[in-house]
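As a plain string of letters, each chain reads:
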Amino acid sequence: MLDLKWIRENPDAFDAALKRRGGAPMSASVLEMDKRHRDAITELQSLQNRRNEASKQIGAVKSKGGDAAPIMAEVATIKDRMTALEVEEKKLGEEVRGVLLTIPNVLHKDVPDGKDEGANVEVRKWGSPRQLGFPAKDHADLGASLGLMDFTQAAVMSGARFVVLKGELARLERAIAQLMLDTHTRENGYTEMNVPLLVKPEALYGTGQLPKFEEDLFKTTNGMYLISTSEVTLTNLVAERIVEGGELPMRVTAFTPCFRSEAGAAGKDTKGMIRNHQFEKVEMVSIVAPEESEGELERMTKCATGILEKLELPYRVVALCSGDIGFGSNRTYDIEVWLPGQNTYREISSCSNTGDFQARRMNARFRPAGETKGTRFLHTLNGSGLAVGRTLVAILENYQEADGSIRVPAALKPYMGGIEVISSKK
RNA sequence: GGAGAGGUGGCCGAGUGGCUUAAGGCGCCGGUUUGCUAAACCGGUGUAUUGGGAAACCGAUACCGAGGGUUCGAAUCCCUCCCUCUCCGCCA
């Protein structure tokens, strides 16, 4: 959510920011609504002031045995106006907030302009695709021929976009998550958390999935939602809180399932486990002071790419352009891993700085160290570290051998109980 | 799910309709005293919105779990909901 005061003082910059996102100017309508709201507040407060004074007089007069009827009559005359104003003020306030909740974050000045993902800019590249010397298979074919990846039976119980992993592949997924968590907790300063997978709508308003992207989520019959990413729960750890400055930076990570309806993705990535309704992800969230967030984004991106380097998987880092960047983010780096089966780089992580955008929605503030009064909004960042399912895909495709077996990456061997090669059980 | 007890500022805790602009204490900040520390004493100490001001600041309004209601006036009375604790039942 944007700062209404900032919009008041910088209407032109606000409209320019909307334009970069491909939106129409809104400053005039927002400020008009804001003006009506504030006028209502001002009038209501002056009436409340008069009522409070009159009520005190009534008490004083009555205690002396006098006649308070004239003053009571005066209060009665302003009562109707007050009731109406209360209703109006509330309605106008909700109207303003409702509009603010649908406005995307202001982009960082260095975000490249562009209409869609075609305009994203490659920032750096690491490793080079291995020369296989035979035609690459994709992960779905590899998994099926190993007898350890079953989409058919998953569809029987759950429908499309689900998978059943078996034996060494199930273990491999667990091993990948272990490596990621161990790396982030031991080397990168993150604290491991175990968080809820079901949340109230408020939590999703806080991180920005609601109100605009409800169709991407699974909703339960009692009005809760399955999380689409543990960014939601990890970031909401500071919701409605005032954090002491000395506690910053807060770095938290979690390994959780994620649930997405993939409403707008019909026909996209229908084969394999690239785009499933349920997948596992290790997420990183950093809560920092405003001055630190730009540096933290670079740091977090390196924490994510560090995993790919441990796994010796070639990747590139891409700066998202204005047309491709997420609603709440002011700047995003996508990390794309090389997939021989698709002969291309595919997204495996997305690291975003949301500035104070989510913090405003969540009312997440901090008191700078050494200051006793006053609070400021925190800055929040989130990044996948990494998508575990897609990492498994990348390992299958990059470590495949001509006979369809999979070598276990060196970094994962300690987590695989000595297994060096995953081969067909047929 | 059943029965009971609760939810008041950073923390503890008083407060059953108007001398409460939420007592008192702890903590924290500043000051006095002091060779230093401690103690003692004095003063200060929330959040948000709104109005005024260039600003430091000054005024107003709201906030005692949340939302409604009664009343000239609500932390206090009424209704609904949420959460916590204890016991019982069920359960991984």
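Residues numbered from 1 in each chain as written. Chains lettered and ligands numbered in written order. Predicted model: local features only at pLDDT ≥ 70, side-chain atom pairs only at ≥ 80, totals over all residues. Heavy atoms only, no water.

Draft legend 1. Representation of the confidence of the model for chain A within the structure. Mean pLDDT over chain A: 92, with 99% of residues reaching 70 or higher. Note on the complex model: pTM 0.92, ipTM 0.84. (pLDDT = per-residue confidence, 0-100.)

Draft legend 2. Examining the packing of aromatic side chains more closely. This structure, assessed with the given rule, holds five aromatic pairs. Here the aromatic rings of Trp6 and Phe14 are separated by 6.5 Å at their centres, their planes lie at 90 degrees, and the arrangement is edge-to-face. Of the residues examined, Trp6 reaches a relative accessible area of 27% and is grouped as partly exposed. Judged by centre distance (5.6 Å) and plane angle (15 degrees), the rings of Trp126 and Tyr315 are stacked. You can see Trp126 sitting in strand 1 (residues 121–126) and its partner Tyr315 sitting in strand 10 (residues 315–319), a full 189 residues away along the chain. Exposure remark for Trp126: the relative accessible area of 31% places this residue in the partly exposed category. Given the relative accessible area of 2%, Tyr315 is considered buried. Counting every residue linked through ring pairs, the aromatic cluster contains Phe213, Phe327 and Phe357. (Phe/Tyr/Trp six-rings, centres within 6.5 Å; stacked < 30°, edge-to-face > 60°. Buried < 20%, exposed > 50% of the residue type's maximum accessible area, 1.4 Å probe, protein only. Helix = DSSP H or I, 4+ residues; strand = E, 2+ residues; numbered from the N terminus.)

Draft legend 3. Region of the structure containing the sheet that holds strand 14 (residues 376–377). Ordered by their spatial adjacency, three strands build an open sheet running 7-13-14, and the pairing between neighbours is mixed. Each edge of the sheet is formed by a strand with only one pairing partner; in this case those strands are strand 7 (242–244) and strand 14. Two strands pair when backbone bridges link them, and strand 13 (residues 365–367) and strand 14 are joined in this way by two bridges, in the antiparallel orientation. Bridge assignment links Phe366 to a residue of strand 14, and that residue is Arg376. (Pairing = 2+ DSSP bridges.)

Draft legend 4. Geometry of the pairing of strand 10. Across the five residues that make up strand 10, a large majority, four, are buried. Taken together, the five bridges between strand 10 and strand 11 (residues 331–339) define a ladder with antiparallel strand orientation. Counted as the bridge partner of Val318 is Asp334 from strand 11.

Draft legend 5. View of the layout of surface pockets. If you add up the space inside the second largest pocket, you get close to 350 Å³. Around the second largest pocket, the lining is made up of 19 residues, and of these Asn105, Val106, Asn330, Gly355 and Asp356 lie nearest the centre. Within the residue set of the lining of the second largest pocket, elements represented by two or more residues are helix 10 (293–310) and helix 11 (357–362). Looking at the lining of the second largest pocket, its residues break down into six nonpolar, eight polar and five charged. (1 Å grid on protein atoms, 1.4 Å probe; cavity = no way out; pocket = protein on both sides within 12 Å on 5 of 7 lines; lining within 4 Å. Points joined across faces, edges and corners; volume = space filled by probe spheres on them. Nonpolar A, V, L, I, M, F, W, Y, C, P; charged D, E, K, R; others polar.)

Draft legend 6. The arrangement of the protein's contact with RNA strand B in detail. Taken together, 22 residues surround RNA strand B, and among them Gln48, Ser55, Lys90, Arg365 and Thr375 come closest. Taking the atoms of RNA strand B that fall within 4 Å of the protein, sugar and phosphate contribute 73% of them. In this structure, Lys79 approaches RNA strand B through a side-chain N or O atom, which is 3.3 Å from a phosphate oxygen. In this structure, Lys90 approaches RNA strand B through a side-chain N or O atom, which is 2.8 Å from a phosphate oxygen. Going through the elements one at a time, helix 3 (27–63), helix 4 (69–100) and strand 13 are the ones with two or more residues in the surface near RNA strand B. (Near = heavy atom within 4 Å. Polar contact = N/O pair within 3.5 Å; in protein donor to acceptor, adjacent residues only side chain to side chain.)

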